[in-house]
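Okay, here's what each chain looks like letter by letter:
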Amino acid sequence: AQSVTQPDIHITVSEGASLELRCNYSYGATPYLFWYVQSPGQGLQLLLKYFSGDTLVQGIKGFEAEFKRSQSSFNLRKPSVHWSDAAEYFCAVGSNNDMRFGAGTRLTVKP
Amino acid sequence: NAGVTQTPKFQVLKTGQSMTLQCAQDMNHEYMSWYRQDPGMGLRLIHYSVGAGITDQGEVPNGYNVSRSTTEDFPLRLLSAAPSQTSVYFCASSYDRGQHEQYFGPGTRLTVT
């Protein structure tokens, strides 16, 4: 079965700074990769997804992620963080019959 | 479309009580699932269904039952609540289990005393 690791439990960045959230996965074939965001008290919302093709994918709210097969990674990036980006971020890996979520990374944005 | 709806939003139970968490979706998705979210543990799959009349266990099924009599509804039953079931519960739906985006409900925060 596939697995997902988000090495950073909590990250703090200053507003306007760049952001990179790490995600590593374990899966034998090409996975389906997702990033979700969860604002406080809310459900999860899809930011972006990768199935195939261009390894750099664009998502909503100015986020992007890059699939690197050689590193088994799918890191999420944003060039300039806004205070409203403070939330919890989940990476997920899917296959034909399973979906696994990482433990999440909580993002704090300093003014 | 309402998407995925869950009721109630908050619930407090005493140990040993039973209750049902409701989940409904209006997107005609075949796949529905229940997760629990606990601090530092991400989302853990409780039960899932790939269509009406078909359910299966996830990672942490003990103490929970589900049924899927219609495509739209997927209730989660706590048979005899325990403090270890204090958590936030999310229902999700999708076209399938792993290849498409999952749509999440707003969650139910359950406290068992």
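Computed from a predicted structure; not experimentally measured.

A.B. asks: Got a minute to help me understand the overall build of chain B in this structure?
C.D. replies: Scanning chain B from terminus to terminus reveals zero helices and 11 strands. Start at the N end of chain B and walk to the C end: the helices and strands fall as β-β-β-β-β-β-β-β-β-β-β. Scaling as 2.2 N^0.38, a compact globule of 113 residues should have a C-alpha radius of gyration of about 13 Å, and chain B matches this with 13 Å. Seen along its three principal axes, the alpha-carbon backbone of chain B occupies a region of about 35 × 30 × 25 Å. Of the contacts made within chain B by residues no fewer than 6 positions apart, 53% connect residues no fewer than 24 positions apart. Entry remark: accessible area of chain B is about 5,100 Å², with carbon and sulfur atoms responsible for 50%. Side-chain charges of chain B comprise 8 positive and 9 negative groups, with the mean position of each set lying 12 Å from the other.

A.B. asks: How should I be thinking about the interface of chain A and chain B in this particular structure?
C.D. replies: One frequent convention defines the size of an interface as the accessible area lost when the parts assemble. At the junction of the two partners, chain A supplies 20 residues and chain B supplies 16 residues. Its largest share of buried area at the contact with chain B, chain A owes to Leu44(A), Met99(A) and Phe101(A), together 29% of the area lost on that side. Two residues, Asp98(A) and Arg97(B), come together in a salt bridge whose shortest N-O distance is 3.2 Å. Where chain A meets chain B, there are five residue pairs in polar contact (both at pLDDT 80 or more). Where the side of chain A that touches chain B is concerned, the elements lending two or more residues are strand 5 (32-38), strand 6 (44-50), strand 10 (87-94) and strand 11 (99-101) of chain A. By residue class, the composition of the side of chain A that touches chain B is 10 nonpolar, nine polar and one charged.

A.B. asks: What's the story with the pattern of salt bridges in this structure? I'm lost.
C.D. replies: A side chain with one charge may pair with a side chain of the opposite charge, provided their charged atoms come close. Residues and elements named next belong to chain A. In the structure shown here, the tally under the stated rule is eight salt bridges over all chains. The partner of lysine 78 in a salt bridge is aspartate 85, with the nearest N and O atoms 2.8 Å apart. Each member of the pair, lysine 78 together with aspartate 85, is buried. Bridged by salt links that share partners, the residues Glu64, Glu66 and Arg77 form one connected network.

A.B. asks: Sorry if this is basic, but what is going on with the pairing of strand 5 of chain A here?
C.D. replies: If a strand is regular, its side chains alternate between the two faces of the sheet. Residues and elements named next belong to chain A. The buried fraction of strand 5 amounts to six of the seven residues, a majority that puts the element mostly inside the structure. When strand 5 meets strand 10, the two strands line up antiparallel, connected through seven bridges. Paired with tyrosine 32 across the bridge in strand 10 is glycine 94. Sheet topology places strand 5 next to strand 6; six bridges connect them, and they run antiparallel. Counterpart to valine 37 in the pairing with strand 6 is glutamine 45. Counting the residues between successive antiparallel strands, the hairpin from strand 5 to strand 6 contains five residues, one of them, glycine 41, with a positive phi of roughly 75°.

A.B. asks: I'm lost on the sheet that holds strand 8 (residues 76-78) of chain B in this one. Help?
C.D. replies: Within a sheet, each strand pairs with its neighbour through backbone hydrogen bonds, oriented either parallel or antiparallel. Residue and element names in this part refer to chain B. In space, the four strands of this open sheet follow the order 1-3-8-7, with antiparallel pairing throughout. Each edge of the sheet is formed by a strand with only one pairing partner; in this case those strands are strand 1 (4-7) and strand 7 (64-66). Going across the sheet, the axis of each strand differs from the next one's by a mean of 20°, ignoring polarity. Here strand 7 pairs with strand 8 via three bridges, running antiparallel. Directly across from asparagine 65, in strand 8, lies its bridge partner arginine 77.

The rules behind the values
- Residues numbered from 1 in each chain as written.
- Chains lettered and ligands numbered in written order.
- Predicted model: local features only at pLDDT ≥ 70, side-chain atom pairs only at ≥ 80, totals over all residues.
- Heavy atoms only, no water.
- Helix = DSSP H or I, 4+ residues; strand = E, 2+ residues; numbered from the N terminus.
- Rg over C-alpha atoms; globule rule 2.2 N^0.38 Å.
- Contact = heavy atoms within 4.5 Å.
- Areas by Shrake-Rupley, 256 points an atom, 1.4 Å probe, with all protein chains shown as cover.
- Lys, Arg positive; Asp, Glu negative; His and termini not counted.
- Charge placed at Lys NZ, Arg CZ, Asp CG, Glu CD.
- Buried area = accessible area lost by both parts, 1.4 Å probe.
- Salt bridge = Lys/Arg side-chain N within 4 Å of Asp/Glu carboxyl O.
- Polar contact = N/O pair within 3.5 Å; in protein donor to acceptor, adjacent residues only side chain to side chain.
- Nonpolar A, V, L, I, M, F, W, Y, C, P; charged D, E, K, R; others polar.
- Buried < 20%, exposed > 50% of the residue type's maximum accessible area, 1.4 Å probe, protein only.
- Pairing = 2+ DSSP bridges.
- Axes fitted to C-alpha atoms, helices over the stretch in contact; angles between N-to-C directions.

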